[in-house]
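Observations on the three-dimensional arrangement
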Amino acid sequence: MLTRNRLTGAPRRAVLALLLVASVASAGAAAQEASGATGFGSDWHSWKAGNSVADLASLQRGARDFLNYCNACHSLQYIRYARIGQDLKIPADLLQQFLVPPTRKPTDYIASSMPAEDAVNWFGKEPPDLSLIAQERGADYLYQYLTTFYVDPSRPTGTNNLALDTTAMPDVVSQLEGLKRAVFRTVAVNGASEQVFDHFEPVVPGSLTREQFDGFARDIVNFLDYVAEPAQLHRRALGVWVVLFLLVFTWLAWLLKREYWKDVH
Ligand code: HEC
């Protein structure tokens, strides 16, 4: 019986060939990945945030990380701590303990801790309020902004950014991400030569892996996406009930129709 199931001759060779193709393909992918570990980012223009405001855990991490890493300079002037606690289902005691600074109340709007004049003195620019930035710029842009800082000794901050060239914002997440340098190549445009970005190369590793850092950036973008339109959480929750109602209603209508038409031939 067993031998009947054993593959012999042509089918066996076909399976072996398939296995070979599969292993060559996966080795190729692995090699590509390995080379990606040194040079990457040539496709940064098409990087997507891939965030979801339905992911509550991601929003909670984003809130925590925003308050830790961004709130020193950036305010969220249209939202209160308490609203975030309510929307993101963070219990009041945890909110008070971990998110609301000792000098503030849960009902306060989220101001930044830096006086505007100091910011202008230090950065030459006031860090913008970020309440609506996700609507203004879109989530993908924010994600690209947070992930394309690179070392540039010619800048006062020592870093530059692909999404916002000559940005006044320092690379505040370099501890986590590590430092990377941008490799440019020279191309001829109408007779003149121009430097265009080619790829990134890691210089100093950070405390997070590239994947973990991507997750960190995505969580913050997700949080900013929610902050720009907090009602979208409720709208989604409501949407589920609307669809359920429609399904149940359709079923009832169908039952009714069957009842009415049962004697009609
Ligand atoms: C040390 C102060 C400082 C910190 C901390 C900081 N930023 Fe900024 N940020 C700035 C400054 C200054 C600008 C203005 C940059 C410009 O217009 O050149 C800015 C601009 C921005 C912008 C607007 C970019 C644009 O296209 O106009 C975004 C988005 C932003 N920051 C996000 C963040 C996030 C997210 C964090 C936390 C991970 C953060 N920032 C932490 C100083 C800071």
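Let me sum up the structure you'll find in this document. The structure presented is a predicted model; accordingly, all values stated were derived computationally and were not measured.

1. With respect to the overall build of the protein chain
For the protein chain, the helix and strand inventory stands at 11 helices and 6 strands. Taking all 265 residues of the protein chain together, the buried fraction comes to 32%. At a minimum sequence separation of 6, the contacts of the protein chain that also span at least 24 residues come to 66%. Per element, the accessible surface of the protein chain, about 17,200 Å² overall, is 60% carbon and sulfur.

2. Observations concerning the site of the ligand
Surveying the vicinity of the ligand reveals 22 residues, the closest of which are Cys70, Cys73, His74, Tyr141 and Met169. Between a nitrogen atom of the ligand and a side-chain N or O atom of His74, the distance comes to 2.8 Å. Within the side chain of Tyr141, a nitrogen or oxygen atom sits 2.4 Å from an oxygen atom of the ligand. Top contributing element to the shell around the ligand by residue count: helix 8 (residues 139-147), with 4 residues.

3. Some thoughts on the packing of helix 3 (residues 56-69) against helix 10 (residues 210-228)
Between helix 3 and helix 10, whose axes approach to 7 Å, the crossing angle comes to 95°. The pairing of helix 3 with helix 10 is recorded here as roughly perpendicular in orientation. Counting all contacts with helix 3, which are made through Ser58, Leu59, Arg61, Gly62, Ala63, Asp65, Phe66 and Tyr69, the residues of helix 10 involved are Phe216, Asp219, Ile220, Asn222, Phe223, Leu224 and Tyr226. Within the contact of helix 3 with helix 10, the residues separate by chemical class into 9 nonpolar, 3 polar and 3 charged.

4. What to know about the coordination of the iron atom of the ligand
For a metal with four tetrahedral donors the ideal donor-metal-donor angle is 109.5 degrees, whereas six octahedral donors ideally subtend 90 or 180 degrees. Taken together, the protein donors to the iron atom of the ligand comprise His74 (NE2) and Met169 (SD), at separations of 2.0 to 2.1 Å. Around the iron atom of the ligand sit 6 donor atoms, and with donor-metal-donor angles ranging over 88 to 179° the site reads as octahedral. One end of the pair, His74, is in the loop between helix 3 and strand 1 (76-80); the other, Met169, is in the loop between strand 4 (159-161) and helix 9 (174-177), and 95 residues separate them in sequence. For Met169, a relative accessible area of 18% corresponds to the buried category.

5. Some remarks on the pairing of strand 5 (residues 178-189)
Across 12 bridges, strand 5 lies against strand 6 (residues 192-205) in antiparallel orientation. When the bridges of strand 6 are listed, Ala188 appears paired with Ser193. Counting the residues that bridge the hairpin from strand 5 to strand 6 gives 2 residues, and of these Asn190 lies at a positive phi of roughly 50°.

6. Structural notes on helix 8
In terms of burial, helix 8 is a largely internal element, 8 of the 9 residues being buried. Every buried residue of helix 8 is listed here: Ala139, Tyr141, Leu142, Tyr143, Gln144, Tyr145, Leu146 and Thr147.

7. Things to note about the packing of aromatic side chains
Following the criterion strictly, the structure yields 12 aromatic pairs and no others. Ring geometry for Phe40 versus Phe200: centroids 5.7 Å apart, planes at 50°, classification tilted. A residue pair is termed long-range when its members are at least 10 positions apart, and Phe40 in the loop between helix 2 (9-36) and helix 3 and Phe200 in strand 6 qualify at 160 residues. Phe200 matches Phe40 in its accessibility class, with the two residues each being buried. For the ring pair Tyr141 and Tyr145, a centre distance of 6.1 Å and an interplane angle of 5° mean the geometry is stacked. Of this pair, Tyr141 and Tyr145 both sit in helix 8, 4 residues apart, which is roughly one turn of that helix. We classify Tyr145 as buried; its relative accessible area is 11%. Among the aromatic residues, those joined into a ring-pair cluster are Phe40, Tyr150, Phe184, Phe197 and Phe200.

8. A short note on the side chain of Asn161
Among the secondary structure elements, Asn161 is positioned in strand 4. A relative accessible area of 0% means that Asn161 is categorised as buried. Within the structure, the side chain of Asn161 is placed 3.0 Å from the backbone nitrogen of Leu164, a separation counted as a polar contact. Apart from the residues within four sequence positions on either side, Asn161 is in contact with Tyr145, Thr148, Phe149, Tyr150 and Thr167.

9. A few points about unusual backbone geometry
With a phi angle near 55°, Thr166 is a residue other than glycine that sits in the positive phi range. If you trace the backbone, Thr166 turns up in the loop between strand 4 and helix 9. For Asn190, which is not a glycine, the phi torsion comes out positive at approximately 50°. The class for Asn190 is exposed, based on a relative accessible area of 81%.

Criteria and thresholds
Residues numbered from 1 in each chain as written. Predicted model: local features only at pLDDT ≥ 70, side-chain atom pairs only at ≥ 80, totals over all residues. Heavy atoms only, no water. Helix = DSSP H or I, 4+ residues; strand = E, 2+ residues; numbered from the N terminus. Buried < 20%, exposed > 50% of the residue type's maximum accessible area, 1.4 Å probe, protein only. Contact = heavy atoms within 4.5 Å. Areas by Shrake-Rupley, 256 points an atom, 1.4 Å probe, with all protein chains shown as cover. Near = heavy atom within 4 Å. Polar contact = N/O pair within 3.5 Å; in protein donor to acceptor, adjacent residues only side chain to side chain. Axes fitted to C-alpha atoms, helices over the stretch in contact; angles between N-to-C directions. Parallel < 35°, antiparallel > 145°, perpendicular 65-115°, else oblique. Nonpolar A, V, L, I, M, F, W, Y, C, P; charged D, E, K, R; others polar. Donors = N, O, S within 2.8 Å, 3.2 Å for Na, K, Ca; no water. Tetrahedral: all angles 85-135°; square planar, octahedral: opposite > 155°, others 65-115°. Pairing = 2+ DSSP bridges. Phe/Tyr/Trp six-rings, centres within 6.5 Å; stacked < 30°, edge-to-face > 60°.

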